[in-house]
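For reference, the chains in residue letters:
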Amino acid sequence: MTAFWTEPDYDDHELVQLVRDRVSGLTAIIALHSTHLGPGAGGTRFWHYADPQDAMRDALRLSRGMSYKNAMAGLPMGGGKAVILADRERTKTPQMLEAFGEAVETLGGAYVTAEDVGIGEADMVAVSRRTQYVTGLPVDGEGAAGGDPGPFTAMGIYHGIKAAVRHKLGKDSVRGVHVAIQGVGSVGGGVARLLSKDGAKLTLSDIDMDRAAALADELEGETAAPDAVMGVACDVFSPNALGAILDDAGIARLDAPIVAGGANNQLARAHHGETLAERGILYAPDYVINAGGIISVTLEYLARRDGTACDINEVRKRIAQIPGRLKEIWQESDASGVSPDVVADRMAQKLIGR
Ligand code: NAD
């Protein structure tokens, strides 16, 4: 058996906890990477892992990512993440989620949880029956602050794409700028709608091609098959589906001067940021551009804790600061010749005192 602290992804995490509840069948891992800036905040992933070792790797890697993301978003939060190890059928019960909530409560606020892949608002309500250290709970009314982070993530990416277009192409508007979007779910669909309002030219792709075609119809865009979208000749390739798509083969296929999208962990390996730079492709580091959702759920959490209402204008204001951070990273990258992903990592590490 290998000890988790000998894993390459173990990065002096402050706490890694296995949670077992025999009655509900819950098995989960909670990882706190850094609480230097505040409680570790990050979502809970519900996933079937064929190998439990992969669950541990995910918890370690994702919680470190949250430390970097929260620091770069200027939030008073550290980095944490939880994974619930689902069975093959992905059985999810309220009892299981409540048992998970109890484990979060036991940590006394060192970890604050929210949605991630496989977990929705309704699940967070079940978790919240046992812990106060939870956010991303349903809110009343469209456009209200808090709740589903997807639309806020989309808003940040939209701002980030505009900043990238300005930096790389010298254009102040995205009118006529061609953006190819991989994945048109909660985030990618939102990005497409916002860009369409500004007159961008869109090519949409999704493994659910009916979904992509319906949105393309609505926004008067084109579609591309899932295996073709990375090769579309365009101005911006925006990945909003899977991680690890920027590998040697993927980068070689790109026909775009900019990569800017919301998917987590886009670079397959650390050196792929350098590969993009060598090809002259401007990269928006994923955890910087996709911070809109965590900004929203964090402000929602802090407001609830203080017994106040979450201020949507404050959420918007902070999301609008994402382009400024990207610009700082790109300028530093241009000046030093160090790729933007490495510049961002160094900035984040400094902020969390590492
Ligand atoms: P989602 O499930 O709503 O949408 C994902 C979409 O991608 C779906 O329509 C799915 O069919 C499609 N898809 C899956 N595999 C694909 C493939 N190979 N090619 C093309 N399309 C594919 O998820 P989401 O919330 O929109 O999240 C998208 C990405 O953004 C994920 O990587 C997620 O981790 C990341 N992210 C999301 C948020 C958020 O607030 N929701 C925040 C930060 C990062």
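Fair warning: this is a prediction, and the values are worked out from it, not measured in the lab.

### Some details on helix H11 (residues 312-319)
Move 1: Within H11, the full set of buried residues consists of Ile312, Val315 and Ile319. The buried residues of H11 all sit within an arc of 60° when viewed along its axis, so they share a single face.
Move 2: Two to three positions downstream of the cap, the backbone nitrogen of Asn313 sits 2.9 Å from a side-chain oxygen, assigning the N-cap of H11 to Asp311.

### Observations concerning the sheet that holds strand S11 (residues 258-259)
Backbone hydrogen bonds hold the strands of a sheet together, and the pairing may be parallel or antiparallel.
Move 1: With parallel pairing, the 6 strands of this open sheet are ordered in space as S9-S8-S7-S10-S11-S12. Each having just a single partner strand, strand S9 (222-223) and strand S12 (282-283) make up the two edges of the open sheet.
Move 2: As defined by bridge partners, strand S8 (residues 201-205) adjoins S9 across 2 bridges and the pair is classed as parallel. Residue Leu204 lies in a different strand from S9, and its bridge partner there is Thr223.

### Here's the deal with the domain arrangement of the chain
How big an interface is tends to be reported as the loss of accessible area on association of its parts.
Move 1: You can read the domains of the chain as domain 1 (4-69 + 77-128) and domain 2 (150-289 + 323-351).
Move 2: Using C-alpha coordinates to define each centre, domain 1 is positioned 28 Å away from domain 2.
Move 3: Opposite the 6 residues of domain 1 that make contact, domain 2 presents 7 residues.
Move 4: Both faces considered, domain 1 and domain 2 share a buried interface measuring about 640 Å² in area, 52% of it formed by carbon and sulfur atoms.
Move 5: The largest contributions to the domain 1 side of the interface with domain 2 come from Arg61, Tyr68 and Lys69, which together make up 70% of the buried area.
Move 6: Linking domain 1 to domain 2 there are 0 salt bridges.
Move 7: Run the count over domain 1 and domain 2 and you get 2 residue pairs in polar contact (both at pLDDT 80 or more).
Move 8: Its residues placed into classes, the side of domain 1 that touches domain 2 shows 3 nonpolar, 1 polar and 2 charged.

### Comments concerning the packing of aromatic side chains
Move 1: If you walk through the whole model with that rule in mind, you get 3 aromatic pairs.
Move 2: Seen in terms of ring centroids, Phe4 and Tyr10 are 5.9 Å apart; in terms of plane orientation they differ by 65°. Their pairing is edge-to-face.
Move 3: Of the residues examined, Tyr10 reaches a relative accessible area of 24% and is grouped as partly exposed.
Move 4: The structure contains a cluster of three or more aromatic residues connected by ring pairs, namely Phe4, Trp5 and Tyr10.
Move 5: Over the ring of Trp47 we find Arg90; its NZ or CZ atom is 4.9 Å from the centre of that ring.
Move 6: One Lys or Arg, Lys92, reaches over the ring of Phe46 and ends 5.1 Å from the middle of that ring.

### What about the site of the ligand?
Move 1: Neighbouring the ligand are 19 residues; Thr153, Val187, Asp206, Arg211 and Ala241 lie closest to it.
Move 2: Measuring from an oxygen atom of the ligand, one finds a backbone N or O atom of Gly150 at 3.5 Å.
Move 3: Here an oxygen atom of the ligand sits 2.5 Å away from a polar atom, N or O, in the side chain of Asp206.
Move 4: Those elements giving two or more residues to the shell around the ligand turn out to be helix H4 (150-169) and helix H5 (186-197).
Move 5: A breakdown of the residues in the shell around the ligand according to their chemical character gives 6 nonpolar, 10 polar and 3 charged.

### Here we look at the pairing of strand S1 (residues 15-21)
Move 1: Where S1 meets strand S2 (residues 26-34), 7 bridges bridge the pair, whose relative direction is antiparallel. When the sheet's bridge partners are listed, Leu18 is paired in S2 with Ile29.
Move 2: The hairpin turn running from S1 into S2, its antiparallel successor, is 4 residues long, and Gly25 in that turn takes a positive phi close to 85°.

### Description of empty space enclosed by the protein
Move 1: A complete count under the given rule lists 1 cavity of 30 Å³ or more for this structure.
Move 2: Here the largest cavity defines a volume of roughly 40 Å³.
Move 3: The element contributing the most residues to the lining of the largest cavity is helix H10 (residues 292-306), with 3 residues.
Move 4: Of the residues assigned to the lining of the largest cavity, the class counts are 6 nonpolar, 4 polar and no charged.

### A few points about the pattern of salt bridges
Move 1: Here the structure, examined in full by the defined rule, presents 19 salt bridges.
Move 2: Here Asp9 makes a salt bridge to Arg64, at a shortest N to O gap of 4.0 Å. Here the residue Asp9 occupies a position in the segment before S1, and Arg64 occupies one in helix H1 (residues 52-72), the gap between them amounting to 55 residues.
Move 3: For Asp9, a relative accessible area of 17% translates into the label buried.
Move 4: Salt bridges linked by common partners bring Arg45, Asp58, Arg61, Lys81 and Asp116 together as one network.

### Some words on unusual backbone geometry
Move 1: Of note, the phi angle at Asp12 is positive, near 50°, even though the residue is not glycine.
Move 2: Within the fold, Asp12 resides in the segment before S1.
Move 3: The backbone phi angle of Arg90 is positive, close to 55°, even though this residue is not glycine.
Move 4: Relative to the elements of secondary structure, Arg90 occurs in the loop between strand S5 (78-85) and helix H2 (94-106).
Move 5: The exposure class of Arg90 is partly exposed, given its relative accessible area of 41%.

Reading guide: rules and limits
- Residues numbered from 1 in each chain as written.
- Predicted model: local features only at pLDDT ≥ 70, side-chain atom pairs only at ≥ 80, totals over all residues.
- Heavy atoms only, no water.
- Buried < 20%, exposed > 50% of the residue type's maximum accessible area, 1.4 Å probe, protein only.
- Helix = DSSP H or I, 4+ residues; strand = E, 2+ residues; numbered from the N terminus.
- Arc of directions from axis to C-beta.
- Polar contact = N/O pair within 3.5 Å; in protein donor to acceptor, adjacent residues only side chain to side chain.
- Pairing = 2+ DSSP bridges.
- Domains from an automatic or database assignment.
- Contact = heavy atoms within 4.5 Å.
- Buried area = accessible area lost by both parts, 1.4 Å probe.
- Salt bridge = Lys/Arg side-chain N within 4 Å of Asp/Glu carboxyl O.
- Nonpolar A, V, L, I, M, F, W, Y, C, P; charged D, E, K, R; others polar.
- Phe/Tyr/Trp six-rings, centres within 6.5 Å; stacked < 30°, edge-to-face > 60°.
- Lys NZ or Arg CZ within 6 Å of the ring centre and 35° of its normal.
- Near = heavy atom within 4 Å.
- 1 Å grid on protein atoms, 1.4 Å probe; cavity = no way out; pocket = protein on both sides within 12 Å on 5 of 7 lines; lining within 4 Å.
- Points joined across faces, edges and corners; volume = space filled by probe spheres on them.

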